[in-house]
Amino acid sequence: MNRVPEEGMVLVPGGSLITRTPEEGRALAITLARHTVHNIQPDLDILLGGRPNYSTTPDSLTRAAQVVAIEFQTIAAANDYWRAGG
């Protein structure tokens, strides 16, 4: 199996959801979503094989954006909406 590298398998990179800014929080949300997919399907050949389909399908892209939004909500809550400023 052509496996996702170990750094792509870490569920919470750096071990924390705390970020300095909302921008960093959004980037972390995208990373968390990607790592979740990698943990569900660690075979890179299968992941890359499906990309031509899901990367051009509006419904798939919308669902991916929804997953990132949910991750971002979790990160925002962990950051007290960036120190009660939000």
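That block above? That's the structure.
Cut-offs applied
Residues numbered from 1 in each chain as written. Predicted model: local features only at pLDDT ≥ 70, side-chain atom pairs only at ≥ 80, totals over all residues. Heavy atoms only, no water. Phe/Tyr/Trp six-rings, centres within 6.5 Å; stacked < 30°, edge-to-face > 60°. Lys NZ or Arg CZ within 6 Å of the ring centre and 35° of its normal. Core = buried A, V, L, I, M, F, W, Y, C linked by side-chain atoms within 4.5 Å. Buried < 20%, exposed > 50% of the residue type's maximum accessible area, 1.4 Å probe, protein only. Helix = DSSP H or I, 4+ residues; strand = E, 2+ residues; numbered from the N terminus.

### Some remarks on the packing of aromatic side chains
Under the definition given, this model contains zero aromatic pairs. When the ring centre of Phe-72 is taken as reference, the NZ or CZ atom of Arg-26 above it lies at 5.8 Å.

### A word on the nonpolar core
The nonpolar side chains of soluble globular proteins are, as a tendency, buried together. Judged by nonpolar contacts, Leu-28, Ala-29, Leu-32, Ala-33, Val-68 and Ile-75 together constitute the single largest core of six residues. Put simply, the parts of the chain that give this core at least two residues each are α1 (22–40) and α3 (58–78). For this core, the element with the highest residue contribution is α1, accounting for four residues.

### Observations regarding the environment of Thr-21
When you line up the elements, Thr-21 lands in the segment before α1. Here the alpha-carbon distance between Thr-21 and Ala-76, two residues 55 residues apart in the chain, equals 9.6 Å.

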